[in-house]
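# Structure assessment
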Amino acid sequence: MAFELPELPYDYEALQPYMSKETLEYHHDKHHKAYVDKGNELAAEAGMEGKSVEEVVKASFGNNQPLFNNAAQHYNHIHFWKWMKKGGGGNKLPEKLQKAFDSDLGGYDKFKQDFVQAGVGQFGSGWAWVAVKNGKLEIMKTPNGENPLVHGGKPILGVDVWEHSYYIDYRNARPKYLEAFVDSLINWDYVLECYEQA
Ligand code: MN3
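Residues numbered from 1 in each chain as written. Predicted model: local features only at pLDDT ≥ 70, side-chain atom pairs only at ≥ 80, totals over all residues. Heavy atoms only, no water.

Turning next to the overall build of the chain. When you go through the chain residue by residue, the secondary structure sums to eight helices and three strands. Element order for the chain, N to C, with α for helix and β for strand: α-α-α-α-α-β-β-β-α-α-α. In terms of overall dimensions, the chain is globule-like: its C-alpha atoms have a radius of gyration of 16 Å, near the 16 Å expected for 198 residues. The dimensions of the chain, computed from C-alpha atoms along their principal axes, are 45 × 40 × 30 Å. Each of the 198 residues in the chain was classed as buried or not, and the buried ones make up 51%. Pairs at least 24 residues apart make up 68% of the contacts formed inside the chain by residues separated by at least 6 positions. Summing over all exposed atoms, the chain offers an accessible surface of approximately 9300 Å²; the carbon and sulfur share of this is 48%. Between the mean site of the 21 positive side-chain charges and the mean site of the 28 negative ones, the chain shows a separation of 4 Å. (Helix = DSSP H or I, 4+ residues; strand = E, 2+ residues; numbered from the N terminus. Rg over C-alpha atoms; globule rule 2.2 N^0.38 Å. Buried < 20%, exposed > 50% of the residue type's maximum accessible area, 1.4 Å probe, protein only. Contact = heavy atoms within 4.5 Å. Areas by Shrake-Rupley, 256 points an atom, 1.4 Å probe, with all protein chains shown as cover. Lys, Arg positive; Asp, Glu negative; His and termini not counted. Charge placed at Lys NZ, Arg CZ, Asp CG, Glu CD.)

To continue, consider the layout of surface pockets. Volume-wise, the largest pocket comes out at about 160 Å³. Forming the boundary of the largest pocket are E54, Y75, H79, K82, K154, P155, Y190, E193, C194 and Q197. Mapped onto the lining of the largest pocket, the elements with two or more residues apiece are α3 (65-82), β3 (154-160) and α8 (188-197). For the lining of the largest pocket, the element with the highest residue contribution is α8, accounting for four residues. The class makeup of the residues in the lining of the largest pocket is four nonpolar, two polar and four charged. Here the lining of the largest pocket spans two domains, since at least three of its residues come from each of domain 1 (21-82) and domain 2 (95-197). (1 Å grid on protein atoms, 1.4 Å probe; cavity = no way out; pocket = protein on both sides within 12 Å on 5 of 7 lines; lining within 4 Å. Points joined across faces, edges and corners; volume = space filled by probe spheres on them. Nonpolar A, V, L, I, M, F, W, Y, C, P; charged D, E, K, R; others polar. Domains from an automatic or database assignment.)

In this sheet, strand β2 (residues 136-143) lies alongside strand β1 (residues 126-133) in antiparallel orientation, the contact comprising eight bridges. Among the inter-strand pairings, W127 is bridged to a residue of β2, identified as T142. A loop of two residues connects β1 with β2, the two strands running antiparallel in sequence, and N134 in this loop sits at a positive phi of about 50 degrees. (Pairing = 2+ DSSP bridges.)

In an ideal octahedron of six donors the angles at the metal are 90 or 180 degrees, and in an ideal tetrahedron of four donors they are 109.5 degrees. Within the protein, the manganese ion binds to H27 (NE2), H77 (NE2), D160 (OD) and H164 (NE2); these donor distances fall in the range 1.9 to 2.1 Å. Summarised as a motif, the one-chain spacing of the donors to the manganese ion is H-x49-H-x82-D-x3-H. Taken as a pair, H77 in helix α3 and D160 in strand β3 lie far apart in primary sequence, 83 residues in all. Here H77 and D160 have matching classes, each one buried. (Donors = N, O, S within 2.8 Å, 3.2 Å for Na, K, Ca; no water.)

Another aspect to go through is the domain arrangement of the chain. As assigned here, the chain comprises domain 1 (21-82) and domain 2 (95-197). Here the C-alpha centre of domain 2 lies 20 Å away from the C-alpha centre of domain 1. With 19 residues of domain 1 at the contact, the number on the domain 2 side is 23 residues. Carbon and sulfur atoms supply 62% of the area buried between domain 1 and domain 2, which totals about 1800 Å² over both sides. Linking domain 1 to domain 2 there are one salt bridge. Its salt-bridge partner being E54, residue K154 comes within 3.6 Å of it at the nearest N-O pair. Where domain 1 meets domain 2, there are ten residue pairs in polar contact (both at pLDDT 80 or more). Those elements that place two or more of their residues in the side of domain 1 that touches domain 2 are α1 (21-45), α2 (53-60) and α3. (Buried area = accessible area lost by both parts, 1.4 Å probe. Salt bridge = Lys/Arg side-chain N within 4 Å of Asp/Glu carboxyl O. Polar contact = N/O pair within 3.5 Å; in protein donor to acceptor, adjacent residues only side chain to side chain.)

Okay, structure coming up:
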C-alpha cells in the first residue's frame, strides 16, 4: 500500500505553548509530507510499493539508503504525532507502564534524566527512544531516520531531535525542548498502547 500522510490527531494550536502551530505546520505539512512523497517514489522504483511501512523500513536498511531514510522517517513521524497530546506529559503513568519503568528504567525520574540526555547527546539530527528490546525497556538514541526497528527493538516512545522539530520554538535550546516534551506533551496512553503491542 502506498504511504499516506496521516492527519494530525489534534488541532495545530493544541500543543501550544510547548510546540507552536507554525512548527506543526512546517513539520507535518512540509517535512513529513516530503518523506511520504519521496518514500512512495523510491518504494515504487524498488518494487516495494505493496509493502507496509515497517516492511519497507526493515528491507531497505543497509541496502537502499535513500528509500530507508524516507520510509523510516515516515514510520517515525506517524508515531511521533501520536506520542504527544494536549495536556500530556508528567509523571502520572498508567499503572502497567509505571511498573515497567520502575523495574527496567529505574523509575520516572531516572527515565526523564536518561531520555533527555539521550536526546541532548545525539550529535546532529536523530531521535531518542524508549524501546522494548530482549523483553525489557531500554533507552536508545539513533542518528537521522534510524529507529529501534533496525536495531532489534520495538519503539514505544520517541522524540524527534532534528532541528526542524524545535528550532522555531526553542532556537538552539534542545534540552529545554526535551524537558517540555517529557513534562507537558507525552501521550502516555499511546505509549501504553505501543507497549502492549510490542
Ligand atoms: Mn521530524
